[in-house]
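Fold and contact review
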Amino acid sequence: SLSVKNSANIVEAIQNSPAIPGAFLSPAVLDNPIAENIWVRPIWQIPLVAIASANNPIAKRYQTISLKTLCQYDLALYEADGSQSIMMFPSDFSKTLQDSIKYHTNSLNFFYGLLEKKQCFSLALYNQQIQDNLLQIPLEENITMTLYLIFHQEALRSFPTKYFLNTALAFYNQPPLM
């Protein structure tokens, strides 16, 4: 199982288990190979947006919002596993945004409650199927995250692994691995 928190841990896990591919999000553009015999394929790009409750009167004022403006408000951070790992903030604003996080939770219901009752904001990946009770506000900085498939070169010799990778690529309308 590749239950890891950052790209360095993923690279190490794949080096230790070459037949198991992985995936991760990154704001960086990565060149291949990213480590010895470790390759990545970008498969999807999605913008980072600010989210807030649809009932948040402050959020309703913004058609777009800058990270500088966002730093003036309290942020809520949802971590599914409760680890409070550092959110992928753009490097220029990382410290300021991190300091703006007032609430941490591992409960999705509590997270939505924070957005509603505390009138705070959060950062998330744009989602076409967002709930009606949430607003997505585009960032003025136009920050895009890239979903990467990551695999060991040896994995391409395994038919099931290569088939899995090519199926994932096809799902995202990307060309197959040769």
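Details of the structure are given in the entry above.
Residue indices begin from 1 for each chain and proceed along its sequence in written order. Reporting in this predicted model follows two pLDDT cut-offs: at least 70 for local features of residues, and 80 or more for side-chain atom pairs to be given and counted; totals over whole chains, interfaces and linings ignore these cut-offs and use all residues. Working from all heavy atoms in the structure, the side-chain values ignore hydrogens and water.

**A closer look at the overall build of the protein**
Each helix and strand in the protein was counted, giving 5 helices and 7 strands. In this description a helix means any DSSP run of H or I spanning at least four residues, a strand means any run of E spanning at least two, and both kinds are numbered starting from the N terminus. Sequence-ordered secondary structure for the protein, helices as α and strands as β, is α-β-β-α-β-α-β-α-β-β-β-α. Expressed as a percentage of its 178 residues, the buried residues of the protein come to 38%. Residue contacts are defined here by distance: any two heavy atoms, one from each residue, within 4.5 Å place the two residues in contact. In the protein, the proportion of contacts linking residues at least 24 apart, taken out of those at least 6 apart, comes to 73%. Summed over all atoms, the accessible surface of the protein reaches about 10,400 Å², with 52% contributed by carbon and sulfur. For every residue, the accessible area (1.4 Å probe, protein chains only) is compared with the maximum for its type, and the residue is labelled buried under 20%, exposed over 50%, or partly exposed between those bounds. A 1.4 Å probe and the Shrake-Rupley method give the accessible areas. Residues count as covered only by the protein chains that appear here.

**Quick notes on the pattern of salt bridges**
For this document, the term salt bridge refers to a Lys or Arg side-chain nitrogen within 4 Å of an Asp or Glu carboxyl oxygen. A complete count under the given rule lists 2 salt bridges for this structure. Across the pair aspartate 74 and lysine 102 runs a salt bridge, and its minimum N-O distance is 3.7 Å. Placement of the pair is aspartate 74 in the loop between helix 2 (67-70) and strand 3 (75-78) and lysine 102 in strand 4 (residues 101-105), with a sequence separation of 28 residues. Judged by its relative accessible area of 32%, aspartate 74 falls in the partly exposed class. Overall, lysine 102 belongs to the exposed group, its relative accessible area being 52%. When the shortest N-O distance is used, the salt bridge between glutamate 154 and arginine 157 registers 3.1 Å.

**Concerning the nonpolar core**
The biggest cluster of nonpolar side chains holds 20 residues, and the ones touching the most others in it are Ile65, Leu70, Leu97, Phe121 and Leu139. Mapped onto this core, the elements with two or more residues apiece are strand 2 (38-53), helix 2, strand 3 and strand 5 (121-125). A per-element tally of this core places strand 2 first, with 4 residues. What makes a nonpolar core is a set of buried Ala, Val, Leu, Ile, Met, Phe, Trp, Tyr and Cys residues whose side-chain atoms join them at distances within 4.5 Å.

**Thoughts on helix 5 (residues 159-171)**
Counted at 1.5 Å a residue, the expected span for helix 5 with its 13 residues is 18 Å, and the 18 Å between its end C-alpha atoms agrees. At its buried positions, helix 5 is contacted by strand 2 and strand 7 (144-152). The first or second residue beyond helix 5 is asparagine 173, which carries a positive phi of 55 degrees. To estimate the expected span of a helix, subtract one from its residue number and multiply by 1.5 Å.

**A word on the side chain of arginine 41**
Along the polypeptide, arginine 41 turns up in strand 2. Within the structure, arginine 41 has its side chain in polar contact with the backbone oxygen of proline 175 (distance 2.6 Å). Not counting the four nearest positions on each side in its chain, arginine 41 is found in contact with Leu147, Tyr148, Leu149, Phe151, Leu169, Gln174, Pro175, Pro176 and Leu177. A 3.5 Å cut-off defines polar contacts: any pair of N or O atoms within that distance qualifies, except that in protein one atom must be a possible hydrogen donor and the other a possible acceptor, and neighbouring residues in sequence count only when both atoms are side-chain atoms.

**A short note on unusual backbone geometry**
Looking along the chain, the bond that leaves asparagine 32 and enters proline 33 is cis, with omega of -15 degrees. Relative to the helices and strands, proline 33 resides in the loop between strand 1 (22-26) and strand 2. The phi dihedral of asparagine 37 is positive, around 65 degrees, even though this residue is not glycine. If you trace the backbone, asparagine 37 turns up in the loop between strand 1 and strand 2. Judged by its relative accessible area of 31%, asparagine 37 falls in the partly exposed class. Of note, the phi angle at glutamine 119 is positive, near 55 degrees, even though the residue is not glycine. With respect to the helices and strands, glutamine 119 occurs in the loop between helix 4 (108-117) and strand 5. With a relative accessible area of 25%, glutamine 119 lands in the partly exposed category.

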